[in-house]
Amino acid sequence: MSAEPLIAVFVDFENLAIGVRDMKAGNFEMRLILKRLLEKGRIVFKRAYCDWRNYADDVRKFHAQGIELIDIPQTKMSGKNSADIHMVVDALDLCYSKQHIDAFALISGDSDFSPLVSKLKENNKRVIGCGVKSSTSDLLIANCDEFIYYDDLIRAATKSRAPKKDKAKPDKKQEVADQLLEVLHSVEQDYDIVWGSALKQALRRVYPGFNEGYYGYSSFSQLLQGIAAKGLIELDYDESRGNYEVRSIEE
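Residues numbered from 1 in each chain as written. Predicted model: local features only at pLDDT ≥ 70, side-chain atom pairs only at ≥ 80, totals over all residues. Heavy atoms only, no water.

Turning to the side chain of Asn 243, a few remarks are in order. Locating Asn 243 in the fold gives a position in strand β9 (residues 243-248). On the basis of relative accessible area, Asn 243 is assigned to the buried category, the value being 14%. Sequence-distant contacts of Asn 243, that is, excluding residues within four places in its chain, are made with Trp 195, Gly 196, Ser 197, Asp 236, Tyr 237 and Asp 238. (Helix = DSSP H or I, 4+ residues; strand = E, 2+ residues; numbered from the N terminus. Buried < 20%, exposed > 50% of the residue type's maximum accessible area, 1.4 Å probe, protein only. Contact = heavy atoms within 4.5 Å.)

Structure representation (structure tokens):
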């Protein structure tokens, strides 16, 4: 788990926007999907496809997150399939031209992408799907190596934003403990054992400015020990690896 998987992200935005609108869960939040993917590996490619004339607010948000926008103006002749075809062609081109990419994240619920998923897997690429539960094809879900439901990301984000009772304004040490626990809970879904070194990598991907020194710790091991002393995590030191096994404690 020392090597960070390299991930390419492709977004079929219109399909997603329609699904989110039907959910009635507020505005679409791409950052939640990117955060979950960053907990899995390094994102090295981000591209979204849509007729962007109808989504001006989302254009600004996507630019702010460094996502390349491919504008596919809809005409009576082209229809929605035009964006799908562009996305498939680009994904396959990247698959063949960039051998170092380990995983492809396809953000869509459209069953039309099932053949693309099969072709990517045929080329030994891991495929992570992501979409809205109610509007995602069962065929697409079954074809992916892993599927992330946007509904679950929204639920987790809403829970973490809920005001915590009887707690003073968090200090720096509380702030970093909250960040580490948030990432740890996600990473535990992906691995049976979470090692401290891998947790630090994931934390840095999600929070690029992370530095344990800022929070008053001389090393990441000391940070882990400090959070464990508060009873928030459990640690087991593996002498042979020179590394901590980290586990969250269920509330």
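Having seen the structure, we can now continue with the description.
In this section: the sheet that holds strand β3 (residues 68-71). With respect to topology, six strands assemble into an open sheet ordered β3-β2-β1-β4-β5-β6, the strand pairing being parallel. Taken across any chain shown, the strands that pair with only one partner, and hence form the sheet edges, are β3 and β6 (146-149). This sheet shows a mean twist of 20° between the axes of neighbouring strands, independent of strand direction. Two strands pair when backbone bridges link them, and strand β1 (residues 6-12) and strand β4 (residues 103-107) are joined in this way by five bridges, in the parallel orientation. For Ile 7, the partnering residue across the bridge sits in β4 and is Ala 103. (Pairing = 2+ DSSP bridges. Axes fitted to C-alpha atoms, helices over the stretch in contact; angles between N-to-C directions.)

This brings us to the nonpolar core. Counting 33 residues, the largest nonpolar core has Met 30, Ile 33 and Phe 62 as its most contacted members. Sorting the residues of this core by element identifies β1, α1 (13-23), α2 (30-38), β2 (42-50), α3 (56-64), β4, β5 (126-131) and α7 (150-161) as the ones contributing at least two each. The element best represented in this core is α2, accounting for five residues. In this structure, Phe 45, Ile 70, Met 87 and Val 127 belong to the second largest nonpolar core, which totals 23 residues. (Core = buried A, V, L, I, M, F, W, Y, C linked by side-chain atoms within 4.5 Å.)

Here the UniProt-annotated "domain: HTH OST-type" (unreviewed entry) positions come out as residues 172-250. Taken end to end, residues 172-250 comprises 51% helix and 18% strand; its first and last C-alpha atoms sit 23 Å apart. (UniProt positions renumbered as here; feature names shortened; annotations may be inferred.)

Inspection of the secondary structure puts Arg 36 in helix α2. Its relative accessible area of 6% is what places Arg 36 among the buried residues. A distance of 3.3 Å separates a polar side-chain atom of Arg 36 from the backbone oxygen of Ser 186. Setting aside anything within four residues of it in sequence, one finds Arg 36 in contact with Ile 148, Leu 153, Ser 186, Gln 189 and Asp 190. (Polar contact = N/O pair within 3.5 Å; in protein donor to acceptor, adjacent residues only side chain to side chain.)

This part covers the pattern of salt bridges. Applying the stated criterion across every chain yields a total of 20 salt bridges. Across the pair Glu 4 and Arg 205 runs a salt bridge, and its minimum N-O distance is 2.7 Å. Of this pair, Glu 4 sits in the segment before β1 while Arg 205 sits in helix α9 (residues 196-206), placing them 201 residues apart in sequence. Judged by relative accessible area, which is 25%, Glu 4 ranks as partly exposed. (Salt bridge = Lys/Arg side-chain N within 4 Å of Asp/Glu carboxyl O.)

The subject of this paragraph is the pairing of β9. The buried count for β9 comes to five of six residues, which makes it a mostly enclosed element. Note that strand β8 (residues 233-238) and β9 share six bridges and pair antiparallel. Within β9, the residue paired with Asp 236 across the bridge is Glu 245. From the end of β8 to the start of β9, which pair antiparallel, there are four residues, and Gly 242 there has a positive phi angle of about 65°.

Here the focus is the sheet that holds β8. With antiparallel pairing, the three strands of this open sheet are ordered in space as β7-β9-β8. In this open sheet, the two edge strands, each paired with only one partner strand, are β7 (194-195) and β8. Running at roughly 135° to β8, helix α10 (residues 220-229) makes contact with β8 and β9 of the sheet.

The next subject is the domain arrangement of the protein. With domains assigned, the protein is organised as domain 1 (6-157) and domain 2 (169-248). Between the C-alpha centres of domain 1 and domain 2 there is a distance of 30 Å. Contacts between the two partners involve eight residues from domain 1 and, on the opposite side, 11 residues from domain 2. Together domain 1 and domain 2 conceal approximately 770 Å² of surface at their shared face, both sides included; 47% is due to carbon and sulfur atoms. It is Lys 35, Leu 38 and Glu 39 in domain 1 that bury the most area against domain 2; as a group they hold 64% of the surface buried on that side. At the surface where domain 1 touches domain 2, the tally comes to eight residue pairs in polar contact (both at pLDDT 80 or more). With three residues, the top contributor of residues to the side of domain 1 that touches domain 2 is α2. (Domains from an automatic or database assignment. Buried area = accessible area lost by both parts, 1.4 Å probe.)

Our focus in this paragraph is the pairing of β3. Each regular strand shows side chains that alternate between the opposite faces of the sheet. Alignment of β2 against β3, held across four bridges, turns out to be parallel. Paired with Cys 50 across the two strands is Asp 71, which belongs to β3. Note that the unit made of β2, α3 and β3 has a crossover that is right-handed. (Right-handed = clockwise from strand over helix to strand, strands pointing away.)

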